[in-house]
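Letter by letter, the chains look like this.
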Amino acid sequence: MTFQFRRGILCVAAIVAFSLSGMVVAQTAPLKSITYRLSMSRPNSHLFEVAIEVELPDQLKDTPIQFQMAKWSPGRYAVFDFAKNVQEFHAAAGVCPPPGRCDQAMRPVTRVNDQTWSVAPLGSSALTIKYKVFANDLSGTFSQLDSRHGNYNGGTIFMYVVDHKPDPVKLVIHPPSGWKIVNGRTERSGQTEWQFPNWDVLIDTPTEIAPDWTQESFQVDGKKYHVVLHSFGAEGGKRNNLVRDIEKIVRAESAMWGPPEFDEYTFLIHFAADDRSGDGMEHLTSTQIIEPGALAEEGVYEETLGTVAHEFFHVWNVKRLRPLELGPWDFTRPANTRGLWVAEGFTNYYGHLMMRRAGIWNDTRFVARQAETIDRIENAPGSRLMSAEESSLSAPFLDDAPHSQLTNLANTSISYYPKGELIGMVLDLLVRGRTKGKASLDDIMRAMYEEFYRKSSNNSYYLRGRGYTTEDVQRVASQVAGFDLSDFFHRYVRNTEMLPYDEALSYVGLKLVKTKKAQPYNAGLTLDSDEEAGMRILNIRNNSPAEDAGLDVGDEILELAGRKVTRQTWFPTLARYRPGDSVPITVKRDRKTITTKIIMGQPDRFEYKIESKADATEDQKALRDAWLK
Ligand SMILES: [Zn+2]
Ligand SMILES: [Zn+2]
């Protein structure tokens, strides 16, 4: 999720307005009411029509009111500047109750900066703001309106009233005829109006509006769960099984944490069938999941459950137990936290572990998945350059952030998802092993949930609890484990040492095996996998043979060792040479053909596997069972 700066403004009046509202409004009472009306009269245009009606207390009738579009939205840390899709912003005095048509006097609007519009009430006790938002992305962050449905994530379409995010808000949706509305706060069918305690909860409630979504329900621990599916491709008769397996995941995760605090929860799942749209996003009482395939297709079923296991774990880890900085937020700048390796990384770890505990995966599948993650992290050049904490702070650059400026992030960064996942697994196994099974990461997570969420007083209007710092995690983990973890945090969280996989895995009778790949060289370059047949270089490792040879990103490889080379022959050809050999290579760069030489280096492609130890003891096997079942 990315970030742009705020631009200064045009006229003195606007600057006065800006500072006035900043100083005065922050200390005044809530607005008398804030109502959002959402219409979609022309779905094909991809334009949501938003009206915001505000009733002003007497002391604000002559103060400019500012409306602001968020730069990003919670759960995705890159900045996208949602204001870029706003058009036709107008303001009028008074409120015209639908369906009546009133003659409302217009009120002057000043665009204050890239994300802010200011409206002068000029003595009116109420204002109606209208604007349209273009929305044509099906995702966990953006929104989409087309002939099939309206699916929105509120942060991309609803402006907040500056200094009034804590105020209660009402939402009224006017759907096209025959379209039904559903979200994680729907209490009855046919509902078109909602009351939210504040804007943050309004945008935490993604909503689906369409004629043909389906809904199945089940109960666990007295809580009601709804599985809403909107399929743009064949389901292959798999819907019922999918719902049953989702229930198994809910049971496994509730068993670890105890029953969640809500009464109802909704899985909003889209099968986009466009091979492009894929996402998952956590919310307080719902999740929005988008799969790029169709449910009937190979692999999509398991993919969906994997995303469900991850997103549902967020009910506890991130939506409630969360890093200190995560909520309420300043939507004029990216959120920075050191804790995403816990918030996202541990959730990744448990998402996979819960696939095992729910009985959807077996031990072999789970362990193989962990080995894949080790493979990914240990083969990444950024692993020895960027720590888990630094990765978390770099989230605005890493979390699906668009880059129009070329970067070296492929060589310098790691993702806090897989890195945090491995820290979680290793920490879990060290604690289980050293305490002989008396404590685990499950206990640490539950202790943190109690201390920083359940028993922590309200820190803000937004949510109970104050959230944690990395130091808090270290303290609670050490307390629960019964031994000091400061050295672990120093080496593996704040620095970039390789995790102690061997010690961790040995406690459960497993070991990590590192082998050279059958074709152990790649010369330090990565080919662009977006081009199926092409040989275009996507990335060059720093200090690699490819860099020494003068190769560059964007070069198209034509020949290796004097022969035309393809994706199929690239690795086998390289594998014929030994370290120190000089291999001619010809590339096309822009309009030139260039021939140079690669001096082969040491093997640089390795495979990591987790295997059972032949001499695993009964105690170790028992510890493994307690971990996985
Ligand atoms: Zn839909
Ligand atoms: Zn997540």
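Structure report, in brief. (Residues numbered from 1 in each chain as written. Chains lettered and ligands numbered in written order. Predicted model: local features only at pLDDT ≥ 70, side-chain atom pairs only at ≥ 80, totals over all residues. Heavy atoms only, no water.)

**Examining the pairing of strand 13 (residues 193-196)**
Thought 1: In strand 13, alternate side chains face the same way, and those of Trp194 and Phe196 are buried while those of Glu193 and Gln195 on the opposite face are not.
Thought 2: Taken together, the four bridges between strand 11 (residues 169-174) and strand 13 define a ladder with antiparallel strand orientation. When the bridges of strand 13 are listed, Leu171 appears paired with Trp194. (Buried < 20%, exposed > 50% of the residue type's maximum accessible area, 1.4 Å probe, protein only. Helix = DSSP H or I, 4+ residues; strand = E, 2+ residues; numbered from the N terminus. Pairing = 2+ DSSP bridges.)

**Some thoughts on the coordination of the zinc ion (ligand 2)**
Thought 1: Here the zinc ion (ligand 2) is held by the protein donor atoms His310 (NE2), His314 (NE2) and Glu344 (OE), which lie 2.0 to 2.1 Å from it.
Thought 2: Mapping the donors of the zinc ion (ligand 2) onto the primary sequence yields the spacing H-x3-H-x29-E. Linking His314 in the loop between helix 4 (300-313) and helix 5 (340-357) with Glu344 in helix 5, this pair joins segments that are 30 residues apart in sequence. Neither His314 nor Glu344 differs from the other in exposure class; each is buried. (Donors = N, O, S within 2.8 Å, 3.2 Å for Na, K, Ca; no water.)

**Quick word on helix 16 (residues 567-574)**
Thought 1: Residues of helix 16 that are buried: Trp570, Thr573 and Leu574. In a view along the axis of helix 16, the buried residues occupy a sector of 90 degrees, so they form one face of it.
Thought 2: Close packing links the buried residues of helix 16 with strand 21 (525-527), strand 23 (556-560) and strand 25 (582-589). (Arc of directions from axis to C-beta. Contact = heavy atoms within 4.5 Å.)

**Comments concerning the coordination of the zinc ion (ligand 1)**
A four-donor tetrahedral metal ideally has 109.5 degree angles, and a six-donor octahedral metal ideally has angles of 90 or 180 degrees.
Thought 1: Distances from the zinc ion (ligand 1) to its protein donors, namely His149 (ND1), Glu208 (OE), Glu208 (OE), His230 (ND1) and His270 (NE2), fall within the range 2.0 to 2.6 Å.
Thought 2: Sequence positions of the residues that donate to the zinc ion (ligand 1) give the spacing H-x58-E-x21-H-x39-H. Remark: Glu208 occurs in strand 14 (residues 207-210) and His149 occurs in the loop between strand 8 (144-145) and strand 9 (150-152); sequence separation between them is 59 residues.
Thought 3: Residue Glu208 is classed as buried on the basis of its relative accessible area, which comes to 1%.

**Looking at the side chain of Ser413**
Thought 1: Secondary-structure assignment places Ser413 in the loop between helix 9 (409-412) and helix 10 (416-434).
Thought 2: Dropping the residues within four chain positions of it, Ser413 is found in contact with Gly382, Met386 and Leu398.

**Description of the pattern of salt bridges**
Thought 1: Under the counting rule described, the total for this entry stands at 43 salt bridges.
Thought 2: With a shortest N-O distance of 3.0 Å, Glu378 and Arg384 are connected by a salt bridge.
Thought 3: Residue Arg384 is classed as partly exposed on the basis of its relative accessible area of 37%.
Thought 4: The shortest N-O distance in the salt bridge between Lys455 and Glu450 comes to 3.4 Å.
Thought 5: Assessed through its relative accessible area of 65%, Lys455 is described here as exposed.
Thought 6: Residues joined by salt bridges that share partners form a network here, namely Arg76, Asp279, Asp399 and Asp400. (Salt bridge = Lys/Arg side-chain N within 4 Å of Asp/Glu carboxyl O.)

**Points about the packing of aromatic side chains**
Thought 1: Counting across every chain of the model gives 37 aromatic pairs.
Thought 2: For the ring pair Tyr36 and Phe158, a centre distance of 5.3 Å and an interplane angle of 65 degrees mean the geometry is edge-to-face. Placement of Tyr36 in strand 1 (residues 33-39) and of Phe158 in the loop between strand 9 and strand 10 (160-161) is noted, with a sequence separation of 122 residues between them. Note on accessibility: Tyr36 and Phe158 belong to one class, buried.
Thought 3: Between the aromatic rings of Phe89 and Trp117, the centroid separation amounts to 5.3 Å while the plane-to-plane angle is 15 degrees, which identifies the pairing as stacked. (Phe/Tyr/Trp six-rings, centres within 6.5 Å; stacked < 30°, edge-to-face > 60°.)

**Description of helix 13 (residues 486-493)**
Thought 1: Along helix 13, the residues that are buried comprise Phe488, Phe489, Tyr492 and Val493. Looking down the long axis of helix 13, one finds its buried residues gathered within 100 degrees of arc, a one-sided arrangement.
Thought 2: Of the surrounding secondary structure, the elements contacted by the buried residues of helix 13 are helix 5, helix 7 (388-393), helix 10 and helix 12 (470-481).

**Looking at unusual backbone geometry**
Thought 1: Note the cis peptide between Gly327 and Pro328, where omega equals -10 degrees.
Thought 2: Phi angles above zero are rare outside glycine, and Ala273 is one such case at about 50 degrees.
Thought 3: Checked against the element boundaries, Ala273 lands in the loop between strand 17 (264-271) and strand 18 (279-282).

**As for the environment of Ala91**
Thought 1: Here Ala91 shows up in strand 4 (residues 86-93).
Thought 2: For Ala91, a relative accessible area of 1% puts it in the buried group.

**Points about the sheet that holds strand 16 (residues 223-231)**
Thought 1: Taken in spatial order, the five strands make up an open sheet running 15-16-17-19-18, and their pairing is mixed. Looking at the sheet topology across the chains shown, the edges are occupied by strand 15 (214-220) and strand 18. Neighbouring strand axes in the sheet, compared pairwise and without regard to direction, differ in orientation by 15 degrees on average.
Thought 2: Alignment of strand 15 against strand 16, held across seven bridges, turns out to be antiparallel. For Ser217, the partnering residue across the bridge sits in strand 16 and is His226. (Axes fitted to C-alpha atoms, helices over the stretch in contact; angles between N-to-C directions.)

**Observations regarding the sheet that holds strand 24 (residues 563-564)**
Thought 1: Taken in spatial order, the four strands line up as 24-23-25-26 in an open sheet, and their pairing is antiparallel. Each edge of the open sheet carries a strand with a single partner, namely strand 24 and strand 26 (592-599).
Thought 2: By the bridge criterion, eight bridges tie strand 25 to strand 26 in an arrangement that is antiparallel. Among the inter-strand pairings, Ile585 is bridged to a residue of strand 26, identified as Thr596.
Thought 3: In this fold helix 16 packs onto strand 23, strand 24 and strand 25, with an angle of close to 50 degrees to the strand it touches most, strand 23.

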